[in-house]
Amino acid sequence: MSDIDQNLYEFLMKNSKDENAVRDKLRNEGLNFRFDKLKENANYENAIKLRYMLINYELKNIKQKFEQKGITFVVLKGISLAQRLYKNPCNRYFGDIDLLVASKDLYKATKIMEILGYRTEGETDEESLNYYLQQMYRELHLMPFYKKVAGSVEIIIELHMDIVSLWMFRIDTQLTECILDRRKIENDIPVMDEYDTIIFQILHLFKHYIAEMTAGFVNGVIENKVSLKGLHEIALLVDKYIDILDEKQFSDRVVEFRATEEVRLIKAWLLKVYPDLGKIKNLSVHDKKADCIADHFCGAIRNVDIKRLLLDDSQKVASEIIFFLQKGAPSLKCYKSDVRITPKEQAESCGYLDGDRGKTGSPFGTRKVYGTIGKEVDYTAKFWFTWDNTYLWFHVIVKHFNPVFHQYINDDLMISDNSQEFVRLFFDTANRKQGEPYVCALIIKPKYNSEGKIDIYVHKNINGNLGKEIVHRTEYVSKIDISDEGYFLQIGLKWDIIPLIPKIGIEIILDVLVSTEELEITWQNASYNGWYNIGEYGKIVLQE
């Protein structure tokens, strides 16, 4: 057992005081082979050794074919960590092979996978891939490729274009090319260099923690914790390379990855869990924030002790993180609908949406959350809320030349039609019980009725896009004025459909999304899917 392994075991024992629970935790996290006392039986060890050999063989075939076609790549995570950190690499279990390739090589890479006998459920024609690469909501990898070898062992390959999700980290889309240019060859496998590997593993840990937690906001089921295995392998990497890392080069590389907040937080955690990593204090980081979802979450997570993030009840921890995220939520005043207000009060009640890239330095625009990466935001919106005892009133002025509205045909098509102008209001339900959604949304769609006049149709989402229901016309009143320059929409929503109880002083946590046929922009949430990010909504406060 190494000093780093010993540090972890002692930390877990100190904070758990139950050796069986500690051993179970290590086994469940796949760290059992780091500790002699947790060795598995011989049959299991032989099975994973065979699997490792088969994966290694497949990887060499892929490498040979890629090199023949001039495709540069690196192996991420799994097998590269196994060879760098484990005395017996086959003891480090991993589910798939992750390959990072440049966007320009993606089509060639998919064709090679098919030639080698791999199948996938995703579209791999050149036109579909080019369209996919231009979308903000693209995930960091394509649909997995599958192949069975040796009769029953399934090999899974994932082709990555980005190291993490663009919408969560706002990384530069050119970062992949830089990483590939710096790659190293170790054990005949192309891998990231030491700096990139450490920073990538840090981002990868936060990517999983944030994505899994926020996905739980949809249905109220949150069970994930910070990955103990992920944290420990970062510690092992730092311990291995700390003496050869150049402080300035590391700091510059962190800025290049836009990972300042993530690296600072990991440093704090490592110093708490691993006393033998004291040298990490020497790795300073420039103060340069990326203003992205991951950064904001790190700011909130910093308020929760690492032992609780690793061991405590996930639902309780998530509620605390949301609390810290929402602490600084931008606030608008919501006046009673029959009250005459001053110009100053009016200014305090209005919110604005635009796509100005200069405000945050985001490559997508201030709050552009859906659409083509290079598409300029060509519309703006101004909105405000008012209220009475029956309705919450939403007013929005959208400036967009020649707005597009479709014909209403039936409810099913109305719900699925997002290729026109519409507004989506997201509400934090304030419910934090296990199994009950944290958020609901109301989608407001103007459409032409059978008489050729514009009607307002509303449907509600609960449990994400799985729960869709039509809101009956008795539950709202509305009007819309349309011109060549945009539209002015006003809608009164009965409190029961949100559902909230109106009361002076109450704070309503919410967000506003305004969509055209090509783009979606939001008031506050910087994610491509508002369900994922209730911690970043704004709020309105009911006034007299």
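Going along each chain's sequence as written, the residues are numbered from 1 onward. Since the coordinates come from a predicted model, pLDDT governs what is reported: local features require at least 70, and pairs of side-chain atoms require 80 or more to be given and counted, while whole-chain, interface and lining totals use all residues. Processing note: side-chain calculations cover all non-hydrogen atoms of the structure and skip hydrogens and water entirely.

Caption draft 1: Expanded view of the packing of aromatic side chains. Only Phe, Tyr and Trp rings are paired, with Trp represented by its six-membered ring, and only when their centres lie within 6.5 Å; those with planes under 30 degrees apart are stacked, over 60 edge-to-face, the remainder tilted. According to the stated counting rule, one finds 13 aromatic pairs in the structure shown. Site record: aromatic cluster; members linked through ring pairs are Phe383, Phe385, Phe394 and Trp523. Here, a charge over a ring means that NZ of Lys or CZ of Arg falls within 6 Å of the ring centre while also lying within 35 degrees of the ring normal. Its guanidinium or amino end placed over the ring of tyrosine 438, arginine 432 lies 4.9 Å from that ring's centre, counting from NZ or CZ.

Caption draft 2: Spatial organisation of unusual backbone geometry. Residues isoleucine 498 and proline 499 are joined by a peptide bond in cis, for which omega reads -15 degrees. Summarising the element assignment, proline 499 is placed in the loop between strand 17 (486–494) and strand 18 (507–515). Positive phi values are uncommon outside glycine, yet lysine 77 reaches one of about 55 degrees. By the criteria applied, helices consist of DSSP H or I runs no shorter than four residues and strands consist of E runs no shorter than two, each listed in order from the N terminus. Locating lysine 77 in the fold gives a position in the loop between strand 1 (73–76) and helix 4 (78–85). Overall, the relative accessible area of 15% leaves lysine 77 in the buried class. Each residue gets one of three labels from its accessible area relative to the maximum for its type: buried under 20%, exposed over 50%, partly exposed in between, using a 1.4 Å probe on protein chains only.

Caption draft 3: Expanded view of a negative patch on the surface. Together, Asp3, Glu10, Asp239 and Asp276 line one region of the surface with negative charge. Relative to the helices and strands, aspartate 3 is located in helix 1 (residues 3–16). Patch definition: residues above 30% relative accessible area lacking any salt bridge, with like charges linked at up to 9 Å and the nonpolar side chains Val, Leu, Ile, Met, Phe, Trp and Tyr linked at up to 5 Å. Only the protein chains shown count as covering a residue, and every accessible area follows the Shrake-Rupley method with a 1.4 Å probe. For this analysis, a salt bridge means a side-chain nitrogen from Lys or Arg found within 4 Å of a carboxyl oxygen belonging to Asp or Glu. Working convention for charge: Lys and Arg count positive, Asp and Glu count negative, and His plus the chain ends are omitted. Where a charge lies is defined by one atom per residue type: Lys uses NZ, Arg uses CZ, Asp uses CG and Glu uses CD.

Caption draft 4: Expanded view of helix 9 (residues 194–219). Expected helix span is taken as 1.5 Å per residue step, with the number of steps being one fewer than the number of residues. With 26 residues, helix 9 extends 39 Å from end C-alpha to end C-alpha; this agrees with the ideal 38 Å at 1.5 Å per step. Within helix 9, 21 of the 26 residues are buried, which leaves it mostly tucked inside the rest of the structure. Side-chain atoms alone can form a polar contact between residues adjacent in sequence; in general such a contact is a pair of N or O atoms within 3.5 Å, and within protein one must be able to donate a hydrogen while the other accepts it. Two or three places before tyrosine 195, at the opening of helix 9, aspartate 193 has a side-chain oxygen 3.2 Å from that residue's backbone nitrogen. Glycine 220 lies just past helix 9 and shows a positive phi near 80 degrees.

Caption draft 5: How the structure looks around the pattern of salt bridges. All chains considered together, the criterion is met by 33 salt bridges. Here aspartate 312 ties to arginine 308 by a salt bridge, and the two come within 2.8 Å at their closest N and O atoms. We note a salt bridge from glutamate 348 to lysine 333, for which the minimum N-O separation is 3.2 Å. With a gap of 15 residues between them, glutamate 348 in helix 16 (residues 343–349) and lysine 333 in strand 7 (residues 331–336) connect regions that are remote in the sequence.

Caption draft 6: Spatial organisation of the environment of threonine 429. Positionally, threonine 429 belongs in the loop between strand 12 (422–428) and strand 13 (439–448). The sequence separation of threonine 429 and leucine 500 amounts to 71 residues, and the corresponding C-alpha distance is 8.1 Å. Contacts are assigned to residue pairs with any non-hydrogen atoms lying within 4.5 Å of each other. Those residues in contact with threonine 429, other than ones at most four positions away along the chain, are Pro437, Tyr438, Val439 and Cys440.

Caption draft 7: Geometry of the nonpolar core. By nonpolar core we mean a set of buried residues, namely Ala, Val, Leu, Ile, Met, Phe, Trp, Tyr and Cys, connected to one another through side-chain atoms within 4.5 Å. Membership of the largest hydrophobic core comes to 96 residues, with the highest contact counts inside it found for Ile163, Phe206, Leu231, Trp269, Leu270, Leu309 and Ile321. Look past the residues within four positions of tryptophan 269 in its chain and what remains in contact with it is Leu205, Phe206, Val226, Leu231, Ile301, Ile306 and Leu309. Core analysis: the next-biggest nonpolar cluster, separate from the first, contains 42 residues, Ile456, Leu489, Leu493 and Ile497 among them.

Caption draft 8: Spotlight on the packing of helix 1 against helix 10 (residues 228–241). Running from N to C, helix 1 and helix 10 cross one another at 145 degrees; their axes reach a closest spacing of 10 Å. In this structure, helix 1 crosses over helix 10, and the sense of that crossing is right-handed. Here Ile4, Asp5, Leu8 and Leu12 of helix 1 lie close against helix 10, whose contacting residues are Leu228, His232, Ala235, Leu236 and Asp239. In terms of residue class, the contact of helix 1 with helix 10 is made up of 6 nonpolar, 1 polar and 2 charged. For every element, the axis is a line fit to its C-alpha atoms; helices are fit only across the contacting stretch, and the angle between N-to-C directions ranges from 0 to 180 degrees. Left-handed is the label given to a crossing in which the near helix is rotated counterclockwise from the far helix by less than a right angle, and right-handed is the label when the rotation is clockwise. Any residue outside Ala, Val, Leu, Ile, Met, Phe, Trp, Tyr, Cys, Pro, Asp, Glu, Lys and Arg is labelled polar, Gly included; the first ten of those are nonpolar and the last four are charged.

Caption draft 9: Representation of the packing of helix 12 (residues 260–273) against helix 13 (residues 293–301). Packing of helix 12 against helix 13 brings their axes to within 9 Å, and their N-to-C directions diverge by 30 degrees. Compared by their axis directions, helix 12 and helix 13 come out roughly parallel. The interaxial crossing formed by helix 12 with helix 13 has left-handed handedness. Listed contacts from helix 13 to Glu261, Glu262, Leu265 and Trp269 of helix 12 are Ala294, Asp295, Cys298 and Ile301. Tallied by class, the residues present in the contact of helix 12 with helix 13 amount to 5 nonpolar, no polar and 3 charged. Small angles under 35 degrees read as roughly parallel and large ones over 145 as roughly antiparallel, with 65 to 115 read as roughly perpendicular and the rest as oblique.

Caption draft 10: Examining the environment of glutamate 261 more closely. Along the chain, glutamate 261 falls in helix 12. Glutamate 261 sits in the buried class, given a relative accessible area of 8%. Residues glutamate 261 and glycine 299 lie 38 residues apart in sequence; the distance between their C-alpha atoms is 7.4 Å.

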